[in-house]
Amino acid sequence: MDLLQQNVNLWGDDIPWLAGLREKGRLAFQKTGWPTAKTESWKYSFFKQSELEDFVIRTEPCHNECHGECSCHLSHNLPFEVIEIPFCGGQPDTDHVGLPEGLTVKPLVEAVYDKEAQKYLNKSYDAENFPFAALNTAYLEQGLFIIVERNTRVTKPLLLSYHTHNAQNNWMNIHNIIVLESGAQLTLLEDFQGKDCHYFNNIVNEIFIGGSARLNHYKRVAEAQTAFHIALNSVIVRQKGCYNAFCAQSECRLARNESLILLQQEEASANLNGAYRLYKDGHSDITANIRHLAEKTLSDQFVKGVLDGRSKGVFQGQIHIAPQAQKTEGYQLHRALLLSDDAEVDCKPELEIFADDVKCSHGAASGDLDKEQLFYMQTRGISRDDAKQILIEAYLNESLITVCDEQIRQWLAQVL
């Protein structure tokens, strides 16, 4: 199947600027080609194009068929208040959503029509380095434009819920633009859930964080067992801005959460943490490229995973420190528990340091549960299965405690 040959009717093909951007995405994907074992950034997570032969690129929301009665639109009864935007068949449903002053959320197509999105779309990354982001651009239509105005503090989290239950063989390309002007603060939640169907979510978030602004970005991935989930978070952080992120991933055919972080100005910072829990034959990939481009920038990354069965975990983390980025700090650590002889973890931590006044470290470790701890708990009347579960939860909690909000922490832990 040639994904670029599908006959898809897209809104705005008569807009020259938008048509040119889509064509740029097509050309970038053709140049890059399908990632294989020889593609350095994909060598641990490549898959055959033949696995996607039955996929059809979807652009229509399912509520045209279900009249708003599908699970995409149901209230999810979270234990804390949120501003929720559901995605239905890949399309955002922003009807009847009350927004506080200083927060704008609109469909991406509206922002393109209003000429608000042009200065942000495809400005944070080079599509030729990200094949699925290039494909996302080729079919650019679905997604949101989110902007938090200067010095606005949004007190309730903004929840983007992608619940996929009636999307057999659908390929959904979603492109969100998130802009925090200087001094703004926002907590953004992304919740991916799927059930009993085979589909592909191809997500791009372009995030722009202004001076002294802060974005807390928390993500849960609990897709269907046979689903594919590939996401790129491309983030630009300006002076004293902060990007604080956590990704919790459970089992599906492939879940890849990739981040490109550009710390562009002095004292910009990023915390990029995560956890994953795999039981059978799932594949979790957390990949990050953090680029320190100015003095006194800071990054910290801590990821933990637990794997069982024939599952596979991948961690790729690169810290690049430019020559002008003196007095910079960059830290990176990945740890994994392997509960089965057939489980596999592939780690590729990298440091590229071109400045001499820096503090940097990286590390990776893997092992099994501590048998002495298991034995001790069993001697206190705790069954072996319960003891294992207690130790696993304690192990993952070491990364979860980097999430300061206890209710959001518990929400993330539900998928682990």
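Definitions and cut-offs
Residues numbered from 1 in each chain as written. Predicted model: local features only at pLDDT ≥ 70, side-chain atom pairs only at ≥ 80, totals over all residues. Heavy atoms only, no water. Helix = DSSP H or I, 4+ residues; strand = E, 2+ residues; numbered from the N terminus. Rg over C-alpha atoms; globule rule 2.2 N^0.38 Å. Buried < 20%, exposed > 50% of the residue type's maximum accessible area, 1.4 Å probe, protein only. Contact = heavy atoms within 4.5 Å. Areas by Shrake-Rupley, 256 points an atom, 1.4 Å probe, with all protein chains shown as cover. Pairing = 2+ DSSP bridges. Axes fitted to C-alpha atoms, helices over the stretch in contact; angles between N-to-C directions. Core = buried A, V, L, I, M, F, W, Y, C linked by side-chain atoms within 4.5 Å. Disulfide = S-S within 2.5 Å.

What about the overall build of the protein?
Piece 1. Of regular secondary structure, the protein possesses seven helices and 20 strands.
Piece 2. Taking 416 residues into account, the globule formula puts the C-alpha radius of gyration at 22 Å, and the protein, at 21 Å, falls close to it.
Piece 3. For the protein, the spread of C-alpha atoms along the principal axes amounts to about 70 × 50 × 45 Å.
Piece 4. Burial statistics for the protein: of 416 residues in total, 57% are counted as buried.
Piece 5. For the protein, the proportion of contacts with a sequence separation of at least 24, taken over those separated by at least 6, is 84%.
Piece 6. Element-wise, carbon and sulfur atoms account for 44% of the exposed surface of the protein, whose accessible area totals about 17800 Å².

Things to note about the sheet that holds strand β2 (residues 83-88)
Piece 1. Ordered in space as β3-β2-β6-β8-β10-β12-β14-β16-β18-β20, the ten strands form an open sheet in which the pairing is mixed. Where the open sheet ends on each side, the last strands, each with one partner, are β3 (91-92) and β20 (358-367).
Piece 2. Bridging between β2 and strand β6 (residues 158-164) involves five bridges; their strand directions are parallel. Looking at the pairing, Ile83 lines up with Leu158 of β6.
Piece 3. Against the sheet, helix α6 (residues 384-400) makes contact with β12 (242-249), β14 (269-278), β16 (298-307) and β18 (328-338), and its axis sits at roughly 165° relative to β16, the strand it touches most.
Piece 4. Packed on one face of the sheet, helix α7 (residues 406-413) meets β6, β8 (185-194), β10 (214-222) and β12 and runs near 25° to β10.

What about the nonpolar core?
One recurring pattern in soluble globular proteins is that nonpolar side chains are buried together.
Piece 1. One finds Phe47 and Phe200 to be the most contacted residues of the largest nonpolar core, which totals 43 residues.
Piece 2. Among the elements that line this core, the one with the most residues is helix α4 (residues 131-138), at five residues.
Piece 3. Ile178, Ile203, Ile209 and Leu272 belong to the second-largest nonpolar core, a separate cluster that totals 40 residues.

Focus on the state of the cysteines
Piece 1. If you walk through the whole model with that rule in mind, you get zero disulfides.
Piece 2. Here Cys242 stays free of any disulfide, with the sulfur of Cys404 as its closest cysteine sulfur at 10.0 Å.
Piece 3. Unpaired in this structure, Cys360 has its nearest cysteine sulfur neighbour in Cys242, at a distance of 18 Å.

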